[in-house]
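Survey of secondary and tertiary structure
The chain contents come next:
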Amino acid sequence: MINICRRPSAKLSKPARCFRPYSLANGNIPPWRPSNVLDEWVQREAHPISLRQLTFFGRTLTESRLLSSANYVRLELPTRIAHRLRNMQTLPYSALTNEHISHVYEAYYRAFETFRKVPEVRTLDDNDRFCEVLKTTLKEHLTVIPRLAMGILEIQDSVSGDECDQFMNTLLRSRISRRVIAEQHLALNETFHSPWHFDGKKSGTAPEDEFVGEIFLKCNAKEIVEKCASRASELTRKAFGPDVALPKIILQGHLETTFPYIPSHLEYILGELLRNSIQAVVERRGAGRDVPPPIEVLICEAAQHVIIRVSDQGGGVDREILPYLWSFAKGPRRNKRLQNLGKVPRLAATMQELQIPPSSDPDSAEAGSSGEKFGSSLASLSGRRPDLRLGIGLPMSRIYAEYWAGSLELHSLEGYGCDAFLQISRLGNKNEVLSTRASMDAV
Amino acid sequence: MLGLRRAKHHGFRLSPNLLFHQSTRHIQTATVTDADIARLACQPLHPLTLADLCKHGHPPLSEQSLLNSANFTLSLLPARLAHRIQSLRSLPYIVVANPNVSKIHGNYVHSLSTLLPYAERRIETLKDEVEFTAVMADLVQTHNNTISILARGFLEARKYITAKEVTRFLDEHLRARIGTRLIAEQHIALHFSSQPHNDLHESAHHIRDAQESSYIGVIDTALKPAHIIRNCEATVGEICELKYGVRPTIKMVGETETSIAHIPMHLEYVLTELLKNSFRATIEAGMEREAIEITIAPAPATEEQTKTLKNKAEQMIHDHVGVISNYDQGSVDYASGGNKPERASAGNIRALSDSTPGVTIRIRDRGGGISPENLTKLWDYGFTTFNEDEINEKTSSSDPAGGMDAVMSQGGVGGGISLAGLGYGLPLGRAYAEYFGGGIAVQSLWGWGTDVYVSLRGVGKV
């Protein structure tokens, strides 16, 4: 094995912030690294958190709370990354040497090395430095999702579909969790340093009142649906021409319902569902003929959760792709998906060129959401052309929905249309759904 | 009422009950030995498709076709009955010792005993065929009330068997029962709509009816779901008026003129159960002014689609992907360690390309939905939702269904008047829907209503 003696010492002495692009002359074989460091972190348990805890924690922000948040993040991130690195290491060798998977693996390892070396945060200055590190890493990892998706499609010959799905689900779930706690800390940091923040007191007049960091306490389903609907319609118009007859989106049910949630997550899920529906209807009816049947969105509120049903008459799901609907390992349309993933903007960008795409409708309330600020990878995916079918919208949406113990279901009436059911826990008191350590190292 | 209903569905007027009473004393039986059962249970079960039932042709059948049908039926049934007997025998002794369960066991043994005389023989003459049809009628008649009797038996024996085991057993048993009855009833129906040996003037108009009808035995090749829905709406609506004083309405959308090839009895059972649930929930939520919306969505089938499906068949087997396949679920028999669903479907994937996709029916009500606790028990056979008093009441009374619930139930296919209130409607309905590759999915919007999706397959060009 050529790589054993390659450059372990060189790696250790490298400063954490230097991200030299990784390449090896003889292919993408990852270098050997001493495993005891990783083992140590793999041993730790992750401490999952709930929306409610995040909210209460951030409501009264004092310096000590901010620092303790920093330390929580400082330890959680390398722990969670270590778990995922171990997952990846136990994949078949042929899977990990795939160019895309290897790229992601290396990025994760670098992040791990970076975070594990951060010393304890004791002062606000320490915290500032830590926040810089967070921001940089978040930015660097923007392209992980399309990369992973492409890698999965390419390794289907060596790894079974089920295993791929499980792997993707675990990885993405963990990724969401890490970004949530990182972005939450960054948002809290900003609130703390903002001019109208009084140490220890909750400001009663600022619009930020309704935001605790990333979390919007009063997500109104109706507003979010309307926002996503107009965005999706815009994109469809761009793809099919300005004359295309778009289906109307009719809202019914308990329109005044509010609940605490992270808006960017909800926007992503609803965006995907609405976009699928609109596209299906437009493609089925043929651009510009008769009035297309409307898409009905029902918002239903119960004590413990909110259910949003999106009902379209877009012809339903083709029987041949129905088995692969929730899978990242696609069946008959695999090659097309692979091509499309390669065309997603930001995929080929180098780190220096990464720019946040302008959002189509910056709401003043939404400006506080870090989805736009810190560079959301979701933004680049959501902003893609609608005819660029990636095949990951549904499984990704499900992971997001399930992250806070919700659910996403789809029922197809073949030849007629689809009903999608998104269930969201309202109280915010469910813990994040993480893959446990026990399920990882079990032999 | 039972007989009339069946007759109407078969498209002919003579009831098999009549035949049964005429010929009981002429049915030969042979003693069933354990060796017989073991031998027959070892035989693999033939997974049944709708095409199988239709392959003998459109009635009236010629003599040869009728004999073929009889022999085909004869080839299938003994093995199936033996599997059922073995399956029952693998239950705990104390459960099978319960008088109700024991009665059912006895019924199956009896039915097998009526078929054994035909072992090694083929049916070559019309006379034999008439006798054989009488045997079939006896079979159907004997097992009419299996479900309600079994239900009582399991209820009484609930201390000795877990709800989960009962669910598992019943899931398999009831599916197998559907198949066995179907085979027998199909032959009876074909027999009566053919009658080549009967007087022509008496049954002339019977035969003419049969010729004009779209029926092949118990299958209606031009079944309109909308028609069945309207019938069920009327029946269930009447019961609601009786019990609650109000009657919800149905609004049908989609392609209401769709027709598929399917078994009216089955569809009627499924839809009645679902409508009962919807109507009752709607009324109890005070929403009877809101129409229940039923969407009929025929699935398209193109040449290209069926071809692609055939090509993908091998890939799907390889991927072990769950495919809606056209196999007989009753052929999965755990007792004999028989065919697992994957293997059965592998053997039958070809049948999928021969069938046209059928129809999806969506029932949307505003009845408030199903609570999360009940949602977990939705597909159980009603065992976990009773308290001790209710159970004692149900097991001690001679009429197993009390009061209004008895009026709510349907006879015929269910095979008994006590199903309502025992919580069998949904799991049984699902068994019927899934039988030829369809299914039922329930989506509850707690606080608003429920959406139910019934998907059915058809048999295609016959």
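What you see is a predicted model; the values in this text were computed from it and never measured. (Residues numbered from 1 in each chain as written. Chains lettered and ligands numbered in written order. Predicted model: local features only at pLDDT ≥ 70, side-chain atom pairs only at ≥ 80, totals over all residues. Heavy atoms only, no water.)

Moving on, we get to the overall build of chain A. When helices and strands are tallied, chain A shows 16 helices and eight strands. Out of the 443 residues in chain A, the part that is buried amounts to 54%. Intrachain contacts of chain A at a sequence separation of at least 6 include 81% that bridge at least 24 residues. In the structure as shown, chain A presents an accessible area of about 19,200 Å², 51% of it carried by carbon and sulfur atoms. (Helix = DSSP H or I, 4+ residues; strand = E, 2+ residues; numbered from the N terminus. Buried < 20%, exposed > 50% of the residue type's maximum accessible area, 1.4 Å probe, protein only. Contact = heavy atoms within 4.5 Å. Areas by Shrake-Rupley, 256 points an atom, 1.4 Å probe, with all protein chains shown as cover.)

Glancing now at the overall build of chain B. Looking only at helices and strands, chain B features 19 helices and eight strands. For chain B, with 462 residues in total, the buried portion stands at 57%. Approximately 19,500 Å² of chain B is accessible, and the part contributed by carbon and sulfur atoms is 51%.

Turning our attention to the interface of chain A and chain B. Each partner contributes residues to the interface: chain A has 24 residues there, and chain B has 30 residues. Between chain A and chain B, a total of about 2,400 Å² is buried, with carbon and sulfur atoms accounting for 60% of that surface. The interface formed by chain A and chain B includes four salt bridges. Asp451 of chain B is the partner of Arg309 of chain A in a salt bridge, and the nearest nitrogen-oxygen pair spans 2.8 Å. Here chain A is connected to chain B by six residue pairs in polar contact (both at pLDDT 80 or more). Contributing elements (two or more residues each) for the side of chain A that touches chain B: β5 (295–301), β6 (305–312), β7 (407–413) and β8 (417–425) of chain A. Its residues assigned to classes, the side of chain A that touches chain B shows 10 nonpolar, six polar and eight charged. (Buried area = accessible area lost by both parts, 1.4 Å probe. Salt bridge = Lys/Arg side-chain N within 4 Å of Asp/Glu carboxyl O. Polar contact = N/O pair within 3.5 Å; in protein donor to acceptor, adjacent residues only side chain to side chain. Nonpolar A, V, L, I, M, F, W, Y, C, P; charged D, E, K, R; others polar.)

We now examine a nonpolar patch on the surface. A contiguous nonpolar surface patch, about 390 Å² in accessible area, is contributed by Tyr93, Ile94 and Tyr160 of chain B. With a relative accessible area of 71%, Tyr93 of chain B lands in the exposed category. (Patch = residues over 30% accessible without salt bridge, like charges linked within 9 Å, V, L, I, M, F, W, Y side chains within 5 Å.)

All names here are of chain A. According to the domain assignment, chain A contains domain 1 (3–209) and domain 2 (214–343 + 385–425). Listed as interface residues are 29 residues of domain 1 and, on the opposing side, 22 residues of domain 2. Summing both partners gives a buried area of about 2,400 Å² for domain 1 against domain 2, and 72% of it is carried by carbon and sulfur. At the surface where domain 1 touches domain 2, the tally comes to zero salt bridges. For the pair domain 1 and domain 2, the number of links is two residue pairs in polar contact (both at pLDDT 80 or more). Counting residues per element, the ones that place at least two in the side of domain 1 that touches domain 2 are α3 (51–59), α8 (144–154) and α9 (161–193). (Domains from an automatic or database assignment.)

The subject of this paragraph is the side chain of Thr450 of chain B. Note that Thr450 of chain B resides in strand β8 (residues 449–457). Residue contacts for Thr450 of chain B: discarding those within four places in its chain leaves Ile363, Arg364, Asp365, Gly369, Ile370, Val442, Gln443 and Ser444 of chain B.

Attention now goes to the pattern of salt bridges. Applying the stated criterion across every chain yields a total of 37 salt bridges over all chains. Between Lys135 of chain A and Glu132 of chain A there is a salt bridge, with the nearest N and O atoms lying 3.7 Å from each other. Of this pair, Lys135 of chain A and Glu132 of chain A are both found in helix α7 (residues 124–140), three residues apart, which corresponds to roughly one turn of the helix. Its relative accessible area of 36% is what places Lys135 of chain A among the partly exposed residues. Of the residues examined, Glu132 of chain A reaches a relative accessible area of 40% and is grouped as partly exposed. Each of Glu296, Arg309 and Asp419 of chain A together with Arg362, Arg364 and Asp451 of chain B takes part in salt bridges that share partners, so that together they form one network.

A word on the side chain of Asp312 of chain A. Residues and elements named next belong to chain A. Locating Asp312 in the fold gives a position in strand β6. Despite being buried, Asp312 has no salt bridge partner; Arg284 is the closest side chain of opposite charge, sitting 7.6 Å away. Other than its neighbours up to four places away in sequence, Asp312 contacts Ser277, Val281, Ile295, Tyr416, Gly417, Cys418 and Asp419. (Lys, Arg positive; Asp, Glu negative; His and termini not counted.)

To continue, consider the sheet that holds strand β4 (residues 260–262) of chain B. Taking strand neighbours across the sheet as the criterion, the three strands line up as β1-β2-β4 (chain B) in an open arrangement whose pairing is antiparallel. What marks the edges here is a single partner per strand, and that holds for β1 (215–216) and β4 of chain B. (Pairing = 2+ DSSP bridges.)

Residues and elements named next belong to chain A. Residue placement: Gln252 occurs in strand β3 (residues 249–253). Relative accessible area serves as the criterion here: at 28%, Gln252 is assigned to the partly exposed category. Taking the C-alpha atoms as reference points, Gln252 and Glu267, 15 residues apart in sequence, are found 18 Å from one another. Non-local contacts of Gln252, meaning those with residues more than four positions away in its chain, are made with Glu296, Val297, Leu298 and Ile299.

A few words on the nonpolar core. Of all hydrophobic cores here, the largest spans 105 residues; its most connected members are Met88, Ile308 and Leu422 of chain A. With 10 residues, the top contributor of residues to this core is α9 of chain A. Each of domain 1 (3–209) and domain 2 (214–343 + 385–425) of chain A contributes no fewer than three residues to this core. Counting 104 residues, the second-largest nonpolar core is a separate cluster that includes Ala226, Val270, Ile294 and Ile363 of chain B. (Core = buried A, V, L, I, M, F, W, Y, C linked by side-chain atoms within 4.5 Å.)

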